[in-house]
Amino acid sequence: MPLIDISIGRGRTPEQLRALIAGVHEVAAATTGAADENITVIVREVDKELWSRTNTTIAERESAG
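Per an unreviewed UniProt entry, the protein goes by the name 4-oxalocrotonate tautomerase-like domain-containing protein and belongs to Brevibacterium metallidurans. Turning to the protein, the UniProt annotation filed under Sequence similarities (unreviewed entry) states: "Belongs to the 4-oxalocrotonate tautomerase family."

This is the structure we're talking about:
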């Protein structure tokens, strides 16, 4: 019963997020043998001001580039 929890920076279209969910679901089914009804995919969109790597937020990196 796979539960896949994805955190991603806010800003994708609903179509992109739906494609992500579908792709992850397909791979989980193919690699684990789990039935479709037992696979859960959660996508959490995080504001770019709240996501930091190397003490720099995504928003700061985008505004610098």
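One pass over the full model with this rule turns up four salt bridges. Residue Glu-45 is joined to Arg-10 by a salt bridge in which the shortest nitrogen-to-oxygen separation is 3.7 Å. Within this pair, whereas Glu-45 is found in strand β2 (residues 40-46), its partner Arg-10 is found in the loop between β1 (3-9) and α1 (14-32), the two being separated by 35 residues in sequence. The salt bridge involving Lys-48 is made with Glu-62; its shortest N-O contact spans 3.0 Å. Here Glu-62 lies in helix α2 (residues 58-64) and Lys-48 lies in the loop between β2 and β3 (52-53), a separation of 14 residues in the sequence. Note on Lys-48: relative accessible area 24%, which makes it partly exposed. Glu-62 gets classed as partly exposed once you look at its relative accessible area, which sits at 48%.

With that settled, the discussion passes to the UniProt feature "domain: 4-oxalocrotonate tautomerase-like" (unreviewed entry) in the protein. As recorded in UniProt, the sites labelled "domain: 4-oxalocrotonate tautomerase-like" (unreviewed entry) are residues 2-53. The span residues 2-53 is 37% helix and 31% strand, and its two end C-alpha atoms sit 28 Å from each other.

About the thresholds
- Residues numbered from 1 in each chain as written.
- Predicted model: local features only at pLDDT ≥ 70, side-chain atom pairs only at ≥ 80, totals over all residues.
- Heavy atoms only, no water.
- UniProt positions renumbered as here; feature names shortened; annotations may be inferred.
- Salt bridge = Lys/Arg side-chain N within 4 Å of Asp/Glu carboxyl O.
- Helix = DSSP H or I, 4+ residues; strand = E, 2+ residues; numbered from the N terminus.
- Buried < 20%, exposed > 50% of the residue type's maximum accessible area, 1.4 Å probe, protein only.

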